[in-house]
Amino acid sequence: MNTLTFRITEEDVEQYADVSFDYNPIHLDLEEAKQRGFTNKIAHGMLTVAKVLSILSNELLEPQVMLHKYEFTFLSPVYVGDQVTLIFTQTEQAIRIEGKCDKKLVIRGHVLLQE
Amino acid sequence: MKTKEYEIIFNKEDVQQFVQLLGDPNPIFQCQSEAKVYGFETIPLPPTMPMIAYKWIETPWKLQHPLIHRKQQCIQHQRMYIDKPYKGIVMITDQFQRQNLTFTKQTLHLYNKDGILYFEGISDLISGGLS
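Here's what I pulled together on the structure shown here.

Conventions and cut-offs
- Sequence positions are assigned chain by chain, starting from 1 and proceeding in written order.
- For this description, chains carry letters from A and ligands carry numbers from 1, given in the order in which they are written.
- Per-residue local features of the predicted model are confined to residues with pLDDT of at least 70, and side-chain atom pairs are confined, for both listing and counting, to 80 or more; whole-chain, interface and lining totals are unaffected and use all residues.
- The basis for every side-chain value is the complete set of non-hydrogen atoms in the structure, without hydrogens or water.
- In DSSP terms, a helix is any run of H or I states spanning at least four residues, a strand is any run of E spanning at least two, and both are numbered starting from the N terminus.
- C-alpha atoms define the radius of gyration, and 2.2 Å times the number of residues to the power 0.38 defines the globule rule.
- The buried label goes to any residue with under 20% of its type's maximum accessible area, the exposed label to any with over 50%, and the partly exposed label to all in between, with areas taken from a 1.4 Å probe on protein chains only.
- It only takes one pair of heavy atoms within 4.5 Å for two residues to be counted as in contact.
- Computed by Shrake-Rupley with a 1.4 Å probe, the accessible areas treat only the displayed protein chains as cover when residues are assessed.
- Any two rings among Phe, Tyr and Trp, with Trp reduced to its six-membered ring, count as a pair given centres within 6.5 Å; such a pair is stacked if its planes are under 30 degrees apart, edge-to-face if over 60, and tilted if neither.
- Placement of a positive charge over a ring is assigned whenever Lys NZ or Arg CZ falls within 6 Å of the ring centre and within 35 degrees of the normal to the ring plane.
- Here the nonpolar core consists of buried residues drawn from Ala, Val, Leu, Ile, Met, Phe, Trp, Tyr and Cys, with membership extended through side-chain atoms lying within 4.5 Å.

1. Considering the overall build of chain A
Move 1: Secondary structure assignment for chain A yields 4 helices and 5 strands.
Move 2: Beginning at the N terminus, the succession of helices and strands in chain A can be written as β-α-α-α-α-β-β-β-β.
Move 3: Over its C-alpha atoms chain A spans a radius of gyration of 15 Å, differing by no more than 12% from the 13 Å that the globule rule assigns to 115 residues.
Move 4: In terms of principal-axis extent, the alpha carbons of chain A reach across some 45 × 30 × 20 Å.
Move 5: Counting the 115 residues in chain A, one finds 50% classified as buried.
Move 6: Across chain A, every contact between residues at least 6 apart in sequence was considered, and the portion connecting residues at least 24 apart equals 62%.
Move 7: Counting only carbon and sulfur atoms, one obtains 44% of the accessible surface of chain A, whose full area is about 5800 Å².

Structure representation (C-alpha coordinates):
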(Lines give C-alpha, C1' and ligand atoms only; values in the text may rest on other atoms or scores of the structure.)
Protein backbone atom coordinates (compact mmCIF):
# COMPACT_ATOMS: atom_id res chain seq x y z
CA MET A 1 0.00 0.00 0.00
CA ASN A 2 1.31 3.46 -0.97
CA THR A 3 0.05 6.86 0.14
CA LEU A 4 0.65 10.03 -1.89
CA THR A 5 -0.92 13.48 -1.97
CA PHE A 6 -1.67 16.29 -4.38
CA ARG A 7 -3.50 19.60 -4.21
CA ILE A 8 -6.04 21.05 -6.64
CA THR A 9 -5.36 24.74 -7.19
CA GLU A 10 -7.49 27.44 -8.74
CA GLU A 11 -4.94 27.66 -11.55
CA ASP A 12 -5.28 23.90 -12.20
CA VAL A 13 -9.05 24.25 -12.63
CA GLU A 14 -8.82 27.34 -14.84
CA GLN A 15 -6.16 25.73 -17.04
CA TYR A 16 -8.16 22.51 -17.30
CA ALA A 17 -11.21 24.50 -18.38
CA ASP A 18 -9.10 26.10 -21.12
CA VAL A 19 -7.65 22.77 -22.24
CA SER A 20 -10.97 20.90 -22.23
CA PHE A 21 -13.33 23.80 -23.09
CA ASP A 22 -15.41 22.67 -20.08
CA TYR A 23 -16.53 25.99 -18.67
CA ASN A 24 -19.29 24.62 -16.45
CA PRO A 25 -19.73 27.49 -13.94
CA ILE A 26 -19.59 25.18 -10.91
CA HIS A 27 -15.84 24.95 -11.66
CA LEU A 28 -15.18 28.64 -12.22
CA ASP A 29 -17.78 30.81 -10.52
CA LEU A 30 -18.00 30.77 -6.73
CA GLU A 31 -21.49 32.27 -6.57
CA GLU A 32 -22.81 29.80 -9.14
CA ALA A 33 -21.20 26.90 -7.24
CA LYS A 34 -22.80 28.09 -4.00
CA GLN A 35 -26.19 28.43 -5.69
CA ARG A 36 -25.86 24.78 -6.70
CA GLY A 37 -25.25 23.75 -3.10
CA PHE A 38 -21.47 23.52 -3.07
CA THR A 39 -19.29 25.30 -0.52
CA ASN A 40 -16.66 26.31 -3.11
CA LYS A 41 -15.78 25.88 -6.78
CA ILE A 42 -15.27 22.22 -7.58
CA ALA A 43 -12.59 20.53 -9.66
CA HIS A 44 -13.51 18.87 -12.94
CA GLY A 45 -13.83 15.12 -12.37
CA MET A 46 -11.42 14.41 -15.24
CA LEU A 47 -8.87 16.85 -13.82
CA THR A 48 -8.87 14.86 -10.59
CA VAL A 49 -8.53 11.59 -12.52
CA ALA A 50 -5.73 13.03 -14.65
CA LYS A 51 -3.82 14.07 -11.52
CA VAL A 52 -4.36 10.66 -9.90
CA LEU A 53 -3.10 8.76 -12.95
CA SER A 54 -0.16 11.11 -13.41
CA ILE A 55 0.94 10.43 -9.82
CA LEU A 56 0.41 6.69 -10.26
CA SER A 57 2.50 6.59 -13.45
CA ASN A 58 5.31 8.76 -12.16
CA GLU A 59 5.62 7.44 -8.63
CA LEU A 60 4.72 3.77 -8.85
CA LEU A 61 5.12 2.58 -12.46
CA GLU A 62 7.72 2.59 -15.22
CA PRO A 63 7.25 5.58 -17.56
CA GLN A 64 6.23 3.49 -20.55
CA VAL A 65 3.55 1.33 -18.87
CA MET A 66 0.17 1.76 -20.56
CA LEU A 67 -2.93 2.11 -18.41
CA HIS A 68 -5.29 -0.08 -20.38
CA LYS A 69 -8.47 0.59 -18.45
CA TYR A 70 -9.49 2.80 -15.56
CA GLU A 71 -12.74 3.41 -13.76
CA PHE A 72 -13.50 6.00 -11.09
CA THR A 73 -16.56 6.97 -9.09
CA PHE A 74 -16.80 10.55 -7.87
CA LEU A 75 -18.22 10.19 -4.38
CA SER A 76 -17.93 13.77 -3.14
CA PRO A 77 -16.77 17.03 -4.69
CA VAL A 78 -13.08 17.92 -4.71
CA TYR A 79 -12.98 21.64 -4.01
CA VAL A 80 -10.46 24.18 -5.23
CA GLY A 81 -7.67 24.27 -2.64
CA ASP A 82 -8.31 20.73 -1.39
CA GLN A 83 -5.44 18.38 -0.69
CA VAL A 84 -6.25 14.86 -1.84
CA THR A 85 -4.58 11.91 -0.14
CA LEU A 86 -4.37 8.84 -2.36
CA ILE A 87 -4.09 5.28 -1.16
CA PHE A 88 -2.90 2.82 -3.80
CA THR A 89 -3.34 -0.90 -3.21
CA GLN A 90 -1.98 -3.46 -5.64
CA THR A 91 -4.11 -6.56 -6.12
CA GLU A 92 -3.57 -9.45 -8.52
CA GLN A 93 -5.83 -7.97 -11.16
CA ALA A 94 -5.67 -4.23 -10.63
CA ILE A 95 -4.38 -1.23 -8.75
CA ARG A 96 -7.12 0.01 -6.43
CA ILE A 97 -7.20 3.68 -5.56
CA GLU A 98 -9.00 5.69 -2.93
CA GLY A 99 -8.75 9.46 -2.61
CA LYS A 100 -9.68 11.36 0.56
CA CYS A 101 -9.96 15.03 1.43
CA ASP A 102 -9.38 15.20 5.18
CA LYS A 103 -11.11 11.95 6.12
CA LYS A 104 -13.85 12.11 3.51
CA LEU A 105 -13.72 9.67 0.61
CA VAL A 106 -14.01 11.71 -2.61
CA ILE A 107 -12.92 9.30 -5.34
CA ARG A 108 -12.61 5.54 -5.62
CA GLY A 109 -11.55 3.42 -8.55
CA HIS A 110 -9.16 1.01 -10.13
CA VAL A 111 -6.70 0.78 -12.98
CA LEU A 112 -5.81 -2.20 -15.13
CA LEU A 113 -2.42 -2.20 -16.80
CA GLN A 114 -1.72 -3.48 -20.29
CA GLU A 115 -1.13 -7.23 -20.22
CA MET B 1 -28.66 9.41 -30.27
CA LYS B 2 -25.19 10.04 -31.62
CA THR B 3 -23.10 12.82 -33.09
CA LYS B 4 -21.71 12.89 -36.58
CA GLU B 5 -18.12 11.76 -37.03
CA TYR B 6 -15.33 14.28 -36.38
CA GLU B 7 -11.69 14.12 -37.33
CA ILE B 8 -9.54 14.55 -34.22
CA ILE B 9 -5.79 15.18 -34.22
CA PHE B 10 -3.87 15.80 -31.01
CA ASN B 11 -0.66 17.70 -31.60
CA LYS B 12 2.53 18.10 -29.59
CA GLU B 13 1.44 21.46 -28.18
CA ASP B 14 -1.83 19.92 -26.92
CA VAL B 15 0.14 17.27 -25.02
CA GLN B 16 2.65 19.76 -23.63
CA GLN B 17 -0.12 22.05 -22.40
CA PHE B 18 -1.90 19.08 -20.83
CA VAL B 19 1.11 17.64 -18.97
CA GLN B 20 2.25 21.10 -17.91
CA LEU B 21 -1.02 21.78 -16.13
CA LEU B 22 -0.76 18.41 -14.39
CA GLY B 23 2.88 18.95 -13.48
CA ASP B 24 3.53 15.56 -15.08
CA PRO B 25 7.30 15.00 -15.55
CA ASN B 26 7.00 11.67 -17.42
CA PRO B 27 9.72 11.90 -20.12
CA ILE B 28 7.64 10.08 -22.75
CA PHE B 29 5.38 13.15 -23.05
CA GLN B 30 8.18 15.73 -23.27
CA CYS B 31 9.61 15.24 -26.77
CA GLN B 32 9.92 12.72 -29.59
CA SER B 33 13.49 11.75 -28.77
CA GLU B 34 12.62 10.92 -25.14
CA ALA B 35 9.55 8.98 -26.30
CA LYS B 36 11.74 6.96 -28.68
CA VAL B 37 14.11 6.06 -25.84
CA TYR B 38 11.18 4.21 -24.28
CA GLY B 39 10.26 2.45 -27.51
CA PHE B 40 7.51 4.72 -28.83
CA GLU B 41 7.28 5.85 -32.45
CA THR B 42 6.49 9.40 -31.28
CA ILE B 43 4.88 11.14 -28.28
CA PRO B 44 1.98 9.08 -26.86
CA LEU B 45 -1.10 10.68 -25.31
CA PRO B 46 -1.48 10.79 -21.52
CA PRO B 47 -4.17 8.30 -20.43
CA THR B 48 -6.95 10.82 -19.76
CA MET B 49 -6.15 13.13 -22.65
CA PRO B 50 -8.41 11.47 -25.26
CA MET B 51 -11.37 12.76 -23.23
CA ILE B 52 -10.60 16.33 -24.27
CA ALA B 53 -11.73 15.32 -27.77
CA TYR B 54 -15.12 16.51 -26.51
CA LYS B 55 -14.03 20.06 -27.22
CA TRP B 56 -13.95 19.31 -30.94
CA ILE B 57 -17.25 17.39 -31.03
CA GLU B 58 -20.58 19.15 -31.20
CA THR B 59 -23.40 17.15 -29.63
CA PRO B 60 -26.91 17.78 -31.00
CA TRP B 61 -28.26 17.41 -27.46
CA LYS B 62 -27.64 19.70 -24.51
CA LEU B 63 -27.44 18.41 -20.94
CA GLN B 64 -28.85 21.10 -18.68
CA HIS B 65 -26.93 22.55 -15.76
CA PRO B 66 -26.17 21.67 -13.08
CA LEU B 67 -24.19 18.91 -14.74
CA ILE B 68 -22.52 16.47 -12.32
CA HIS B 69 -19.96 13.88 -13.33
CA ARG B 70 -20.81 10.76 -11.34
CA LYS B 71 -18.58 8.06 -12.77
CA GLN B 72 -15.96 7.62 -15.51
CA GLN B 73 -14.65 4.54 -17.21
CA CYS B 74 -12.03 4.65 -19.98
CA ILE B 75 -10.55 1.88 -22.07
CA GLN B 76 -7.48 2.53 -24.14
CA HIS B 77 -7.51 -0.35 -26.64
CA GLN B 78 -4.38 0.84 -28.43
CA ARG B 79 -1.75 3.47 -27.69
CA MET B 80 -2.72 6.82 -29.14
CA TYR B 81 -0.13 9.25 -30.51
CA ILE B 82 0.21 12.87 -31.52
CA ASP B 83 -0.30 13.85 -35.17
CA LYS B 84 -2.40 10.76 -36.00
CA PRO B 85 -5.88 11.32 -37.41
CA TYR B 86 -8.64 9.75 -35.32
CA LYS B 87 -12.39 9.70 -35.86
CA GLY B 88 -14.49 10.73 -32.88
CA ILE B 89 -18.17 9.97 -32.21
CA VAL B 90 -20.21 10.51 -29.03
CA MET B 91 -23.39 8.60 -28.34
CA ILE B 92 -25.90 8.40 -25.53
CA THR B 93 -25.93 4.77 -24.54
CA ASP B 94 -28.41 4.93 -21.65
CA GLN B 95 -30.69 7.48 -20.11
CA PHE B 96 -33.36 7.60 -17.45
CA GLN B 97 -35.21 10.13 -15.36
CA ARG B 98 -35.55 10.12 -11.58
CA GLN B 99 -37.48 12.92 -9.93
CA ASN B 100 -36.20 16.11 -11.61
CA LEU B 101 -32.85 14.68 -12.60
CA THR B 102 -31.69 13.01 -15.80
CA PHE B 103 -29.12 10.23 -15.56
CA THR B 104 -27.16 9.86 -18.79
CA LYS B 105 -24.51 7.41 -19.90
CA GLN B 106 -22.55 9.05 -22.70
CA THR B 107 -19.76 7.31 -24.59
CA LEU B 108 -16.92 8.80 -26.60
CA HIS B 109 -15.47 6.47 -29.23
CA LEU B 110 -12.20 7.21 -31.00
CA TYR B 111 -11.25 5.12 -34.04
CA ASN B 112 -8.29 5.28 -36.38
CA LYS B 113 -8.76 5.95 -40.09
CA ASP B 114 -9.30 2.21 -40.71
CA GLY B 115 -12.17 2.06 -38.24
CA ILE B 116 -10.24 0.25 -35.49
CA LEU B 117 -11.41 1.27 -32.02
CA TYR B 118 -8.63 2.98 -30.05
CA PHE B 119 -10.45 4.52 -27.10
CA GLU B 120 -13.77 4.41 -25.26
CA GLY B 121 -14.70 6.92 -22.59
CA ILE B 122 -17.94 6.09 -20.79
CA SER B 123 -19.25 8.95 -18.65
CA ASP B 124 -22.11 8.73 -16.16
CA LEU B 125 -23.62 12.17 -15.82
CA ILE B 126 -26.44 13.69 -13.80
CA SER B 127 -28.06 16.75 -15.25
CA GLY B 128 -31.02 19.01 -14.72
CA GLY B 129 -32.54 17.73 -17.93
CA LEU B 130 -32.03 17.20 -21.65
CA SER B 131 -33.04 19.42 -24.53
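2. A short note on the packing of aromatic side chains
Move 1: Using the criterion set out here, one finds 6 aromatic pairs over all chains in the structure.
Move 2: Their ring planes at 70° and their centres at 5.5 Å tell us that F10 of chain B and W56 of chain B sit as a pair that is edge-to-face. Pair noted here: F10 of chain B is in the loop between β1 (6–8) and α1 (12–22) and W56 of chain B is in the loop between α2 (32–37) and β2 (68–76), with a separation of 46 residues, a long-range link.
Move 3: Judged by its relative accessible area of 0%, F10 of chain B falls in the buried class.
Move 4: Here the basic side chain of K55 of chain B rests over the ring of F21 of chain A, its NZ or CZ set 4.9 Å away from the ring centre.
Move 5: In this structure, R98 of chain B packs its charged tip against the face of F103 of chain B, placed 5.4 Å from the ring centre.

3. What about the nonpolar core?
Within soluble globular proteins, side chains that are nonpolar tend to cluster in buried spots.
Move 1: With 64 residues, the main nonpolar core has L56, Y70, F72 and I97 of chain A together with F10 and L108 of chain B as its most contacted residues.
Move 2: Among residues more than four places away in sequence, those in contact with L108 of chain B are P50, M51, A53, Y54, I57, I89, V90, F119, E120 and G121 of chain B.
Move 3: Judged by nonpolar contacts, the second largest core, of 5 residues, contains I26, A33, I42 and Y79 of chain A.

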